[in-house]
Amino acid sequence: MIRSVVRGNGAALPRRIMKNADFEGMVETSDEWIVQRTGIRQRHVAADDETTASLGEAAARAALDSAGMTPAEIDLIILATSTPNNTFPATAVEIQNRLGMHHGFAFDMQAVCSGFVYAVATADLYIRGGLVRRVLVIGSETFSRILDWNDRSTCVLFGDGAGALVLEAQEGAGAITDRGVLAASLRSDGAHKDKLFVDGGPSTTGTVGHLRMEGREVFKHAVGMITDVIEATFGEAGITAQELDWFVPHQANKRIIDASARKLGIAEEKVVVTVDLHGNTSAASVPLALSVAVADGRIKKGDLVLLEAMGGGFTWGAVLLRW
Ligand code: ACO
């Protein structure tokens, strides 16, 4: 059977790093509160010349380099983002043009923090369906542009950045030992819209709006939703948590990550945590975490890797793949 195999990965971060202490003169907060409640120590914040498209392009180029490929070999670009450069056209199409690609097709996928997991699962269907052979899957965000910088309960949590994977069709045996995407589960439930949303949009206010979140409410639902969808993914693949090599969760809050791993019985040393470095970069958080763990030699070819995310909507999901 056809499998969607990871051929390369890459990342890009804005030049400017903002430490927790940098917020202390802006809103009533402290490094201690932020670290204790979230595990975040710093985040990257985009300058005017750094956008979702430019960061996404840089991550895509890095992923292509690591795959030893050129844009000419890519058939499809899926960009997961909630902070597109423009309402339309899709920022994926802008990235396609920046890469000098005038063939194939490109589109944006909007599932907030779950966007990258949705995009990998979608790319896998295009590949296994035989429509395309090679897909660039990108998560790129500039949440700094939609934050209310006077709201301490949200502005300290998010950061900007981008990450990307190149997936390629390869023949597999149809076994759990195959490389590539092995299982995926996606969920959403719009009944939770008011707990995490942006208070503007083209069809309502005609503005971009700002991120609003009832953090405590989101936290309350997060662990249960994450662990349920992961159990479903394990069930589909016929594996247990003990067989995993790496757990690469969405990086929103260290306490959510720890509680989810504990509930699933995933050992602490198998959990990739980068929320301290990047904050919550929404759809970019999982590919950014992947890039750190690949670069430092933890994730290696043949490792069994679980990706997971949960975000606004609510949306949530998990992807199991062999690197
Ligand atoms: N500095 C100091 N104090 C603060 C800050 C801050 N930056 N922010 C809030 N507080 C205060 C609150 O006002 C509150 O004060 P009060 O008790 O006087 O009312 C107190 O700290 C405790 O607030 P809580 O909201 O209960 O704090 P909690 O421990 O829940 O942590 C947090 C807040 C970090 C937001 C947490 O709830 C969380 O991580 N929630 C989930 C976020 C998440 O996972 N989002 C999903 C993905 S994001 C996406 O999809 C875009």
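Described below are features of the structure shown in this document. (Residues numbered from 1 in each chain as written. Predicted model: local features only at pLDDT ≥ 70, side-chain atom pairs only at ≥ 80, totals over all residues. Heavy atoms only, no water.)

1. Description of the overall build of the chain
At step 1: Summing up its helical and strand segments, the chain has nine helices and 13 strands in all.
At step 2: The C-alpha radius of gyration of the chain comes to 18 Å, within 12% of the 20 Å expected for a compact globule of 323 residues.
At step 3: Counting only C-alpha atoms and orienting by the principal axes, one finds that the chain spans roughly 55 × 45 × 40 Å.
At step 4: Counting every position in the chain, which comprises 323 residues, the buried fraction comes to 57%.
At step 5: When the accessible area of the chain is evaluated, it comes to approximately 13000 Å², of which 50% is carbon and sulfur surface. (Helix = DSSP H or I, 4+ residues; strand = E, 2+ residues; numbered from the N terminus. Rg over C-alpha atoms; globule rule 2.2 N^0.38 Å. Buried < 20%, exposed > 50% of the residue type's maximum accessible area, 1.4 Å probe, protein only. Areas by Shrake-Rupley, 256 points an atom, 1.4 Å probe, with all protein chains shown as cover.)

2. Thoughts on a negative patch on the surface
At step 1: A cluster of acidic residues, D22, E24, D31 and E32, forms a negative patch at the surface.
At step 2: Here D31 is to be found in helix 1 (residues 31-38). (Patch = residues over 30% accessible without salt bridge, like charges linked within 9 Å, V, L, I, M, F, W, Y side chains within 5 Å. Salt bridge = Lys/Arg side-chain N within 4 Å of Asp/Glu carboxyl O. Lys, Arg positive; Asp, Glu negative; His and termini not counted. Charge placed at Lys NZ, Arg CZ, Asp CG, Glu CD.)

3. Here we look at unusual backbone geometry
Generally, phi is negative for residues other than glycine and the peptide bonds are trans, each holding for most cases.
At step 1: Put simply, F88 and P89 share a cis peptide bond, and its omega is 0°.
At step 2: Residue G313 is joined to F314 through a cis peptide bond whose omega torsion reads -5°.
At step 3: Within the secondary structure, F314 sits in the loop between strand 12 (304-311) and strand 13 (315-322).
At step 4: A positive phi angle, close to 50°, is found at V112, a residue other than glycine.
At step 5: Tracing the backbone through its elements, the reader meets V112 in the loop between strand 5 (105-109) and helix 4 (115-128).
At step 6: Although it is not a glycine, S282 sits at a positive phi angle of roughly 50°.

4. Concerning the pairing of strand 4 (residues 76-80)
For a regular strand, the rule is simple: side chains alternate between the two faces of the sheet.
At step 1: The buried count for strand 4 comes to five of five residues, which makes it a mostly enclosed element.
At step 2: Both faces of strand 4 are covered, namely the face carrying L76, I78 and A80 and the face carrying I77 and L79.
At step 3: Both strand 4 and strand 5 contribute to a ladder of five bridges, which runs parallel. Paired with I77 across the strands is A106, a residue of strand 5. (Pairing = 2+ DSSP bridges.)

5. Notes on helix 9 (residues 285-295)
At step 1: Judged by how many residues are buried, helix 9 sits mostly within the fold: eight of eleven residues are covered.
At step 2: By the burial criterion, the buried members of helix 9 are S285, V286, P287, L288, A289, L290, S291 and A293.

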